[in-house]
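Spelled out from the first residue to the last, the chains are:
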Amino acid sequence: MTAPKVFVTREYPEIGLNRLIQECNTEIWPGPLPPSREVLLEKVQGCAGILTMLSDGIDAELFNAAGDQLKVVSQYAVGVNNIDLAEAHKRGISVGNTPGVLTDATADLAFALLITAARRMIEVHQSIHEGGWKTWEPLRHIGWDLTGKTIGIVGMGRIGYAMAKRCHGGWDMNVLYTSRSEKPEANQNLQAQKVSFDELLANSDFISVHTDLNDKTAGLFNADTFKKMKSDSIFINTARGGIHNQPDLVQALTTGEIGAAGLDVTDPEPPELSDKILHLPNCIVAPHIGSATTKTRDDMAEIATDNLINGMLGKPLRCEVK
Ligand code: DGY
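These remarks concern the structure in this document.

**Things to note about the nonpolar core**
Then, in step 1: Residues Leu 114, Met 156, Met 163 and Ile 234 are the most contacted members of the largest nonpolar core, which totals 29 residues.
Then, in step 2: Put simply, the parts of the chain that give this core at least two residues each are helix 5 (103–118), strand 6 (150–154), helix 7 (158–171), strand 7 (174–178), helix 8 (184–190) and strand 10 (234–237).
Then, in step 3: Per-element accounting of this core gives the leading share, eight residues, to helix 5.
Then, in step 4: Counting 23 residues, the second largest nonpolar core, distinct from the first, contains Phe 221, Leu 263, Ile 277 and Cys 283.

**Some words on the packing of helix 5 against helix 7**
Then, in step 1: Contact geometry for helix 5 and helix 7: axes closest at 8 Å, N-to-C directions at 50°. Between helix 5 and helix 7, the crossing angle belongs to the class labelled oblique. In terms of crossing hand, the pair formed by helix 5 and helix 7 is right-handed. Contacts between helix 5 and helix 7 involve Thr 103, Asp 104, Thr 106, Ala 107, Asp 108, Ala 110, Phe 111, Leu 114 and Ile 115 from the former and Arg 158, Ile 159, Ala 162, Met 163, Arg 166, Cys 167 and Trp 171 from the latter.
Then, in step 2: Class assignment for the residues of the contact of helix 5 with helix 7 results in 10 nonpolar, two polar and four charged.

**Focus on the layout of surface pockets**
Then, in step 1: Its boundaries defined by the atoms lining it, the second largest pocket holds a volume of some 410 Å³.
Then, in step 2: Forming the walls of the second largest pocket are 17 residues, and the residues nearest its centre are Val 124, Glu 137, Arg 140, His 141 and Ile 142.
Then, in step 3: Residue composition of the lining of the second largest pocket, by class: eight nonpolar, five polar and four charged.

**Quick word on the environment of Ile 207**
Then, in step 1: Among the structural elements, Ile 207 can be located in strand 9 (residues 206–209).
Then, in step 2: Among all residues touching Ile 207, those that are not within four sequence positions of it are Gly 152, Val 154, Leu 200, Leu 201, Phe 221, Met 229, Ile 234, Phe 235 and Ile 236.

**Concerning the packing of helix 1 (residues 14–23) against helix 12 (residues 294–312)**
Each pair of packed helices can be described by the angle between their axes along with the distance between the axes.
Then, in step 1: Here helix 1 crosses helix 12 at 25°, and the two axes come no closer than 7 Å. Looking at the two axes, helix 1 sits roughly parallel to helix 12. Touching Ile 15, Gly 16, Arg 19, Leu 20 and Glu 23 of helix 1 are Asp 298, Ala 301, Glu 302, Thr 305, Asp 306, Leu 308 and Ile 309, all from helix 12.
Then, in step 2: For the contact of helix 1 with helix 12, the per-class residue count stands at five nonpolar, two polar and five charged.

**Concerning the site of the ligand**
Then, in step 1: Inspection of the region around the ligand gives Leu 54, Ala 77, Val 78, Gly 79, Leu 102, Arg 240, His 288, Ser 291 and Met 300 as its neighbouring residues.
Then, in step 2: Between an oxygen atom of the ligand and a main-chain N or O atom of Gly 79, the distance comes to 2.8 Å.
Then, in step 3: Taking Ser 291, its side chain carries an N or O atom lying 2.7 Å from an oxygen atom of the ligand.
Then, in step 4: Alone, the ligand offers 230 Å² of accessible surface; in the complex the protein occludes 89% of this.
Then, in step 5: Partitioning the shell around the ligand into residue classes produces five nonpolar, three polar and one charged.

Reading the values: the criteria
Residues numbered from 1 in each chain as written. Predicted model: local features only at pLDDT ≥ 70, side-chain atom pairs only at ≥ 80, totals over all residues. Heavy atoms only, no water. Core = buried A, V, L, I, M, F, W, Y, C linked by side-chain atoms within 4.5 Å. Buried < 20%, exposed > 50% of the residue type's maximum accessible area, 1.4 Å probe, protein only. Helix = DSSP H or I, 4+ residues; strand = E, 2+ residues; numbered from the N terminus. Axes fitted to C-alpha atoms, helices over the stretch in contact; angles between N-to-C directions. Parallel < 35°, antiparallel > 145°, perpendicular 65-115°, else oblique. Left-handed = near helix turned anticlockwise from the far one by under 90°. Contact = heavy atoms within 4.5 Å. Nonpolar A, V, L, I, M, F, W, Y, C, P; charged D, E, K, R; others polar. 1 Å grid on protein atoms, 1.4 Å probe; cavity = no way out; pocket = protein on both sides within 12 Å on 5 of 7 lines; lining within 4 Å. Points joined across faces, edges and corners; volume = space filled by probe spheres on them. Near = heavy atom within 4 Å. Polar contact = N/O pair within 3.5 Å; in protein donor to acceptor, adjacent residues only side chain to side chain. Areas by Shrake-Rupley, 256 points an atom, 1.4 Å probe, with all protein chains shown as cover.

Spelled out as structure tokens, the structure:
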């Protein structure tokens, strides 16, 4: 029996790759940048499985280019907003993702962005390099206290809960959240309270976004919502850049409608170097690294490889997106 053809759209941890090389006819896109659309459409031809990254657009055009033998798309991420799920399911193509294993790494990064923004670390670091450290200063570089404040969690799933746990357990913060349903574990363990979106905006000192990007959440944070937030609040987004309207966020940070922001995600990704979001003293931006630790990326690769192999064998995926 000939080994099934697989295309891996980017460099990928060895722990996942070795099995694919052993068990399949695997081609790996070698560069650090994604293949062009044209190349991607060419490479997927005849594949039974495709191992995708969040930067690949996976849609009807790609499925047509791949052909009828395509059985599974295995995404090396938990978020799948780049994949047309309805189209995949219509064609009987399974879609896998990697939930659970990146929870702590992503929550750690959300908290790192919060404390970095609150203590103005980027601004003060830069000031030293510009010769600004002349003496100990009583009234300069003053930041935000974290202890006892209120954190608003938008999306109390696994990562939202892990962020809330850090804020409540480590910094005695009150936890407000929005979510489709009540979260008894958060209510009980973190004394968290489910509130309306407007209540969360009005009463949170810090807001951290942990929801999916979908039709309902695209542009959720915009000129109107930033106006409803406290003027010294800090906005954190480690989910997807499309959840905030970036020009509106720049405006809110510039005019003092909100105090600061920490972003691991932008819209688009990457932003142009001239994008104002990269040049504000009160905004720290990371290049979408929430899951970027060795163990997390290895664990993600094991799941993504299992998903791909199971899907090609017609078995249930370890983590299937329905
Ligand atoms: C995800 O998994 O969706 C993250 O954004 C990248 O690891």
